[in-house]
Amino acid sequence: MKNALSKLDKPLLILTVLFSAIGLVMIFSSSSISAVLQYGSTEYHFFWKQAIIIFIGFLLSFIVYTIPTKWYKGLSILGLGIIILVLIGLKTYGQVTNSARSWFKVAGFSIQPSEFAKTIIIIYLATWYGSKKKFKSIYDTFIPLIPCIAIFFLVAAEPDLGTACIIASICMFIFFTLPFQKNKAMFFIKLITITSIIGGVIFLNGNSEFLTSTQASRFNFKDPCSRYLEETGYQVCNGYIAINNGGLLGSGLGKSTQKYLYLPEAHTDFIFPIIVEELGLIGGFFILILYLLVLYRILVIARNAKDLRGSIIAFGTFAYILTHIIVNMGGLLALIPLTGVPLPFLSYGGCYALNLLILIAITQRVSIETKMKKVSK
């Protein structure tokens, strides 16, 4: 254990701890009012729940640091089978939240299987593609994606299109980072794949029957403040107001006015506007810089990885965090439809926070193995 810990990527570890601390502070600040007024609990209600999850996440991380990535193949296949069965079970036993049957209620806790599906898919694709030296046949290239496509449709059918799109993005990012031979055949394969994605987006936009009425309304996302009294504009417009209130320096930590139930569930998907309102644009830019540093360190691990398996794990983690940032920020700024995707490290959410810390720990394991190989040489 001591040998493994000494080979951790220290900048990434420091950034993870720092982000987790900032997240806890902002979750407390943004949720204290709604915890009392809306949920009838103490002001520390969401803070303590998130703190427990983060503590568990760091404990599990110490275990993950010691597990070699070569053991992941059997674990990923088992996990893939379990997650598919669990997602099927959601159709019967799942709890409906925000018009989607995405959650299980267990012992007072809500569990979202689709969050863990993202990590399982990354590990599964890494172990499959990592065992191949060349990608010439359809079997080597496309067959591994079949379980991922099945998971995509199971999640989309909940319906949770935001999570489904992130799963698709992760798979596509991994696919395009594989060391294909540069020839015309692979060019056409990539062209067909991109065309399929564009076709899927056009299909979802043009077939509202596939979506619930709530989700179909989210495609009406432009100019939200002109629809302030409507559900499609109220939340995003209040996010705008929070950002505008913050100005350059912010109103001060804990002094947000929008968290007084003007901005629904401010501690979850819309925590960034509260950060800007309280800490100003300077605080918002500081968060963005921290994200860039995290993504940079993960890319360094991916490029220096000792094998393709480790490289794909790190690239998959990079894609996971980046897509969450883009989809969350794009939704709250009305650049894309609002999908209810949490912001990495900052948004309240047990399953997401736990899954993210585990995935960061797995990426750290790749760094450990890379440094071990250098030492052995």
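First things first, this report covers the structure right here in the doc.

Parameters and conventions
- Residues numbered from 1 in each chain as written.
- Predicted model: local features only at pLDDT ≥ 70, side-chain atom pairs only at ≥ 80, totals over all residues.
- Heavy atoms only, no water.
- Helix = DSSP H or I, 4+ residues; strand = E, 2+ residues; numbered from the N terminus.
- Buried < 20%, exposed > 50% of the residue type's maximum accessible area, 1.4 Å probe, protein only.
- Contact = heavy atoms within 4.5 Å.
- Areas by Shrake-Rupley, 256 points an atom, 1.4 Å probe, with all protein chains shown as cover.
- Core = buried A, V, L, I, M, F, W, Y, C linked by side-chain atoms within 4.5 Å.
- Axes fitted to C-alpha atoms, helices over the stretch in contact; angles between N-to-C directions.
- Parallel < 35°, antiparallel > 145°, perpendicular 65-115°, else oblique.
- Left-handed = near helix turned anticlockwise from the far one by under 90°.
- Phe/Tyr/Trp six-rings, centres within 6.5 Å; stacked < 30°, edge-to-face > 60°.
- Nonpolar A, V, L, I, M, F, W, Y, C, P; charged D, E, K, R; others polar.
- Expected span 1.5 Å × (residues − 1).
- Polar contact = N/O pair within 3.5 Å; in protein donor to acceptor, adjacent residues only side chain to side chain.

Some points on the overall build of the protein chain
Then, number 1: Counting its secondary structure elements, the protein chain contains 14 helices and three strands.
Then, number 2: For the protein chain, with 377 residues in total, the buried portion stands at 50%.
Then, number 3: For the protein chain, restricting intrachain contacts to residue pairs at least 6 apart in sequence, the fraction spanning at least 24 positions comes to 71%.
Then, number 4: Put simply, the protein chain shows about 18000 Å² of open surface, and 70% of that area lies on carbon and sulfur atoms.

Some remarks on the nonpolar core
Generally speaking, nonpolar side chains in soluble globular proteins are found buried as a group.
Then, number 1: Core analysis: the biggest nonpolar cluster contains 89 residues, and Leu-125, Tyr-129, Ile-151, Ile-321 and Leu-346 have the highest contact counts within it.
Then, number 2: The leading source of residues in this core is helix 12 (residues 271–304), at 13 residues.
Then, number 3: Counting six residues, the second-largest nonpolar core is a separate cluster that includes Phe-47, Ile-54, Phe-58 and Leu-357.

Re the packing of helix 7 (residues 145–156) against helix 8 (residues 161–176)
Then, number 1: Orientation of helix 7 relative to helix 8, taken along the N-to-C sense of each, is 165 degrees, at an axis distance of 8 Å. In terms of orientation, helix 7 and helix 8 fall into the roughly antiparallel class. In terms of crossing hand, the pair formed by helix 7 and helix 8 is left-handed. Contact residues: helix 7 offers Leu-145, Cys-148, Ile-151, Phe-152, Val-155 and Ala-156, while helix 8 offers Leu-161, Thr-163, Ala-164, Cys-165, Ile-167, Ala-168, Cys-171 and Phe-175.

Observations regarding the environment of Ser-6
Then, number 1: Along the chain, Ser-6 turns up in the loop between helix 1 (2–5) and helix 2 (10–37).
Then, number 2: For Ser-6 and Ile-368, which are 362 residues apart along the polypeptide, the C-alpha to C-alpha distance reads 8.4 Å.

A short note on the packing of aromatic side chains
Then, number 1: Enumeration according to the criterion identifies 13 aromatic pairs in this entry.
Then, number 2: When the ring of Phe-173 is compared with that of Phe-318, the centres are 5.6 Å apart and the planes differ by 40 degrees; the resulting orientation is tilted. With a gap of 145 residues between them, Phe-173 in helix 8 and Phe-318 in helix 13 (residues 308–332) connect regions that are remote in the sequence.
Then, number 3: According to the relative accessible area criterion, Phe-173 is partly exposed, its value standing at 27%.
Then, number 4: Taken together, Phe-28, Tyr-44, Phe-47 and Trp-48 form an aromatic cluster joined through their ring pairs.

Some remarks on the environment of Ile-313
Then, number 1: Within the secondary structure, Ile-313 sits in helix 13.
Then, number 2: Those residues within four positions of Ile-313 in sequence are excluded, and the remaining contacts are Thr-69, Tyr-72, Ile-122, Ala-126, Ile-362, Thr-363 and Val-366.

What to know about the packing of helix 4 (residues 72–93) against helix 5 (residues 113–129)
Then, number 1: One way to put it is that helix 4 packs onto helix 5 with a least axis distance of 9 Å and a crossing angle of 150 degrees. Note on packing geometry: the crossing formed by helix 4 with helix 5 is left-handed. Counting all contacts with helix 4, which are made through Tyr-72, Lys-73, Ser-76, Gly-79, Leu-80, Ile-83, Val-86, Leu-87 and Leu-90, the residues of helix 5 involved are Pro-113, Ser-114, Phe-116, Ala-117, Ile-120, Ile-123, Tyr-124 and Thr-127.
Then, number 2: In terms of residue class, the contact of helix 4 with helix 5 is made up of 12 nonpolar, four polar and one charged.

Some points on helix 2
Then, number 1: Taking 1.5 Å of rise per residue, 28 residues should cover 40 Å, and helix 2 covers 41 Å from first to last C-alpha, within 8% of that figure.
Then, number 2: The N-capping residue of helix 2, defined by a side-chain oxygen 2.9 Å from the backbone nitrogen of Leu-12, is Asp-9.

Looking at helix 13
Think of an α-helix as 3.6 residues a turn; residues three or four steps apart then line up on the same face.
Then, number 1: Helix length check: helix 13 (25 residues) gives 36 Å between terminal C-alpha atoms against 36 Å at 1.5 Å per residue, within 8%.
Then, number 2: Among the 25 residues that make up helix 13, 22 are buried, leaving the element largely enclosed by the rest of the structure.
Then, number 3: Within two residues after helix 13, Ala-334 carries a phi angle of roughly 60 degrees, on the positive side.

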